[in-house]
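# Architecture at a glance
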Amino acid sequence: MFGCALSDSNIFKYGTTCDHGNTGKVHFLPNISCILRRKRRVAVKYIPRGNKQGKDAFNAGCVLHSGRFGSNSSSSRNGECGGPGKHPAPLSPPFPPPLQDHACVRDEAVHRDTRPELRPTSHKSRSLDCKICEHIATIKSASLIQEHEQDFELREQMSGYKRMRRQHQKQLIALENRLKAEMDEHRLRLQKELETHANNTYIELERLAKRHAAQTDKEMKSAAAEERRIQQQIVAQQKKELTTFLENQKKEYRLCKDKIKEEMNEDPCTPKEEKQERLSRHKETMQRSQAEEEAHLLAQQRLVYDRSCRALKRRSLVRRHEFEQEQLREELNKKRTQKEMEHALMIRQDESTQDLERRQLQMLQRLRVELMRLQHQTELENQEEYNGRRQRELHRKHTLEQRQQPRNLKTLEMQIKKQFQDTCKVQNKQYKALRNHQLEVSPKGDHKTILKSLKEEQTRKLAVLAEQYEQSINEMMASQAMRLEAEQETECQALKQQLKQEMELLDAYQRKTKSQMETQHEREQQKLEQKVSIRRAHLEQKIEEELAALQKERTERIKHLLERQDREINSFDTESRSLGFGSLGSLDFPKEDNR
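What counts and what doesn't
Residues numbered from 1 in each chain as written. Predicted model: local features only at pLDDT ≥ 70, side-chain atom pairs only at ≥ 80, totals over all residues. Heavy atoms only, no water. Helix = DSSP H or I, 4+ residues; strand = E, 2+ residues; numbered from the N terminus. Contact = heavy atoms within 4.5 Å. Areas by Shrake-Rupley, 256 points an atom, 1.4 Å probe, with all protein chains shown as cover. Phe/Tyr/Trp six-rings, centres within 6.5 Å; stacked < 30°, edge-to-face > 60°. Buried < 20%, exposed > 50% of the residue type's maximum accessible area, 1.4 Å probe, protein only. pLDDT = per-residue confidence, 0-100. Axes fitted to C-alpha atoms, helices over the stretch in contact; angles between N-to-C directions. Parallel < 35°, antiparallel > 145°, perpendicular 65-115°, else oblique. Nonpolar A, V, L, I, M, F, W, Y, C, P; charged D, E, K, R; others polar. Salt bridge = Lys/Arg side-chain N within 4 Å of Asp/Glu carboxyl O. Lys, Arg positive; Asp, Glu negative; His and termini not counted. Expected span 1.5 Å × (residues − 1). Patch = residues over 30% accessible without salt bridge, like charges linked within 9 Å, V, L, I, M, F, W, Y side chains within 5 Å. Charge placed at Lys NZ, Arg CZ, Asp CG, Glu CD. Bend = angle between axes of the 7 residues up to and from the residue. Core = buried A, V, L, I, M, F, W, Y, C linked by side-chain atoms within 4.5 Å. UniProt positions renumbered as here; feature names shortened; annotations may be inferred.

### Here we look at the overall build of the protein
- When helices and strands are tallied, the protein shows eight helices and zero strands.
- Counting from the amino terminus, helix and strand elements in the protein follow one another as α-α-α-α-α-α-α-α.
- Here the contacts in the protein between residues at least 6 apart in sequence split such that 91% fall between residues at least 24 apart.
- A total accessible area of about 39,300 Å² is found for the protein, and carbon and sulfur atoms account for 53% of it.

### A few points about the packing of aromatic side chains
- Summed over the entire model, instances satisfying the criterion amount to one aromatic pair.
- Note on Phe420 and Tyr469: the rings are 4.9 Å apart at their centroids and 65° apart in plane angle, and the pair reads as edge-to-face. Linking Phe420 in helix H7 (residues 272-441) with Tyr469 in helix H8 (residues 447-578), this pair joins segments that are 49 residues apart in sequence. Comparing Phe420 with Tyr469, the two get one shared label, buried.

### Topic: the confidence of the model for the protein
- Mean pLDDT over the protein stands at 75; residues scoring 70 or higher make up 72%.
- Of the regions scoring below 50 in pLDDT, residues 1-125 engages in 203 contacts with residues more than four places distant in sequence or in other chains.
- Of the regions scoring below 50 in pLDDT, residues 131-138 engages in three contacts with residues more than four places distant in sequence or in other chains.

### A look at the packing of H7 against H8
- At a minimum axis separation of 9 Å, H7 and H8 run at an interaxial angle of 175°. As far as their axial angle goes, H8 and H7 are roughly antiparallel.
- Taken together, the residues that form the contact of H7 with H8 break down as 50 nonpolar, 32 polar and 40 charged.

### Points about the pattern of salt bridges
- Evaluated as defined, the whole model comprises 32 salt bridges.
- Put simply, Arg564 and Glu324 hold a salt bridge, and the shortest N to O gap is 2.7 Å. Of this pair, Arg564 sits in helix H8 while Glu324 sits in helix H7, and the two are 240 residues apart along the sequence.
- Several salt bridges converge on common partners, so that one network encompasses Asp350, Glu357, Lys531, Arg535, Arg536 and Glu540.

### Digging into the side chain of Arg554
- Looking at the secondary structure, you find Arg554 in helix H8.
- Of the side chains bearing the opposite charge, Glu340 lies closest to the buried Arg554, which forms no salt bridge; the N-O distance is 9.0 Å.
- Excluding anything up to four places from it in sequence, Arg554 contacts Leu332 and Asn333.

### A word on H8
- End to end, H8 covers 189 Å across 132 residues, agreeing with the expected 196 Å (1.5 Å per residue, within 8%).
- Of the residues flanking the end of H8, it is Gly580, one or two places downstream, whose phi is positive at about 90°.

### Overview of a positive patch on the surface
- Taken together, Lys162, Arg163, Arg166 and Lys170 make up a surface patch of like positive charges.
- On the secondary structure map, Arg163 appears in helix H6 (residues 142-266).

### Some details on H7
- Across its 170 residues, H7 extends 241 Å between first and last C-alpha, which sits within 8% of the 254 Å expected from 1.5 Å per residue.
- Along its length, H7 reaches its greatest deviation from straightness, about 40°, at Gln404, and the proline Pro406 lies no more than four positions downstream.

### Some words on the environment of Leu465
- Checked against the element boundaries, Leu465 lands in helix H8.
- Using a relative accessible area of 0% as the deciding quantity, one classes Leu465 as buried.
- Leu465 sits 45 residues away from Phe420 along the chain, and the two C-alpha atoms are 8.0 Å apart.

### Comments concerning the nonpolar core
- With 10 residues, the main nonpolar core is built from Leu409, Leu412, Ile416, Phe420, Cys424, Leu462, Leu465, Tyr469, Ile473 and Met476.
- Mapped onto this core, the elements with two or more residues apiece are H7 and H8.
- In this structure, Leu172, Leu175, Met363 and Leu367 belong to the second largest nonpolar core, which totals seven residues.

### Remarks on the UniProt feature "coiled-coil region" (unreviewed entry) in the protein
- As recorded in UniProt, the feature "coiled-coil region" (unreviewed entry) lies at residues 158-196 and 455-512.
- The distance separating the terminal C-alpha atoms of residues 158-196 is 56 Å; by composition the span is 100% helix and 0% strand.

See below:
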C-alpha cells in the first residue's frame, strides 16, 4: 500500500523513480522549506528628470521591475493550503518567459512571504499595504517607456529621413525652375538678337534703297547734263563748220568772180551787156551751187546731230543699265551678306543653346548624384544606428537574463523543493495510515518491531527521494545554464545574420537605385544629343533652303533685269534703224575735258 501511494504520487519532471526494495536507516529530514526560505531585498532605482520619459516616470513616482512569478506564488500558497490526500501542483516550465528590460530593475522578484508568523496582521499594516498597492498601480512600466523611447527614436529617424527627402525634392524642383527660367531668358535673348538683326537688315536695305534712288537721280541728272553738253559741243562745232564753209564759199565766189572778170577783160570784143549777162549767169550759178552745198551741209549736220543725239540716248541707256546691274548686284550681295550673318548668328545661338543645355543637364545630374550620395549615406548611417541599437538591446536583454538567471533557477529550485515537501507530506500521511493498519491487524507484542521496520523503510525512501530531488535540481541548473548560453548564442547569430541580410538588401537597393540613376542619366544624355543633332539638322536644312531661295531670287532678278534691258536696247535699236540711223555703237563723242 505504501508503494502504491508513492507510485500514484509520481510528480517528478525529470523521470526519477523510488526504489521500494532497498532498506536503510531511518533519518528524520527537517523542513527544507524553512531552511531555504529567506527574505528578499528590494532595490528601487529612480529615473532622473532629465528627459521627457524620465519626467513622465518621475511624475508616476518610480519605475519598478514587474518580473514577478505569479504562478509560483499561487502554487506555493496552494501547496500550503492543500489538505491530506491532495497531490501537489505540477512544475512550471523549466524556461521562464523572457523578461523585458527596464530602466529601473529590482534585484529580486517581490514575493509575499508564506510564513504566517511573518505576515502583518495589524489593521495599520493592512492599510499601509493597500496604500502602497494603490501607489504602485499608477507606476508606468519601464518596458513601456523603453518602447515609447524606441518608437520616438524611430519616428524621429523616419521624420528626419522624410524631411531630407522633401528637402532634396525641393532642391531639385528649385534647380529645375531656375534652369528653366535661365533657358527661357536665354531663348528670349536669342529671339531679341534675331529680331534686332532682322531690324538692322531691314534698315540697312532701306538705307541702301534710298542711296540707290539718290544715285539713280544723280546719274540721270549727270547723263542729261552730259547729253546737253555734248549736244552743245556738236552744235558749236557745226556752227563753226558752217561758218568756215560759208567763208570758203565767199572766197571761192570772189575767186570765180575775179577769174571770170579777168577772162572777160581778156576778150575786149565781147560786148558789155553780154559780159554782164554772163557774169550774172555765172553769179546765179555760183549762188545756186553754194546754196545747194550749204543746204547739203546743213542736212548733213542735222543728220549728224540727230544721230549723235540718238547715240547719246543709247549710251545713256546702256549706262543706266550698267548702273542698274551694279545696284542690283550690290543689293543682292548685301542681302546675301545679311543672310550669311543671320545664319552665322543662328549657328552661334544654336551652339550657345547646346552648351547651356549640356551645362544645365550636368548641373542637374551632379545635384542628383550628390543628393543620392547624401541619401545613401543617411540610409547607411540609419541602418548602422539601427544595427547598433538592436545589438545593444540584445546585449541588454542577455545581460538582464544572466542577471535574472540565478533568481529564476532559485525559483525553480524552490518549486522542486516545494514538490519534495508535498511528496514528503503525502508519504507521512501514507505512513501513518499504513502504521495504523499494521498495528490494528498485528498482535500487540509485534507493534514495536513493526514500528521500527516501518520507520526505517520510511527513512530510507525519504533519503532516496531527497537524493533524487537533489540530482534533479543539479541537472536542471546545468541544463538551464547551457540552454541559456545556447539560446543567447543562437539569438546573437540570428541577429547578426538578419542584420547582415538587411545590410546586403540595403546595399543591393542602393546599387540598384544608383544603376537606375546612371541609366537615366545616360538616357537623358542620349536624348539631349539626339535633340541637339535633330535641331542642328533642321537648322542646316533651313539655312540651305534660305540660301537656295536667295540664290533663286538672285538668278531670277538678274535674269528679269537683263531681259528687260535687252528688250529696251532692242526696242531702241529697232526704232533707230526705223529712223535710218543704223548702228550707233561705233560713234565717238568728245570728252568733257576737251570742251
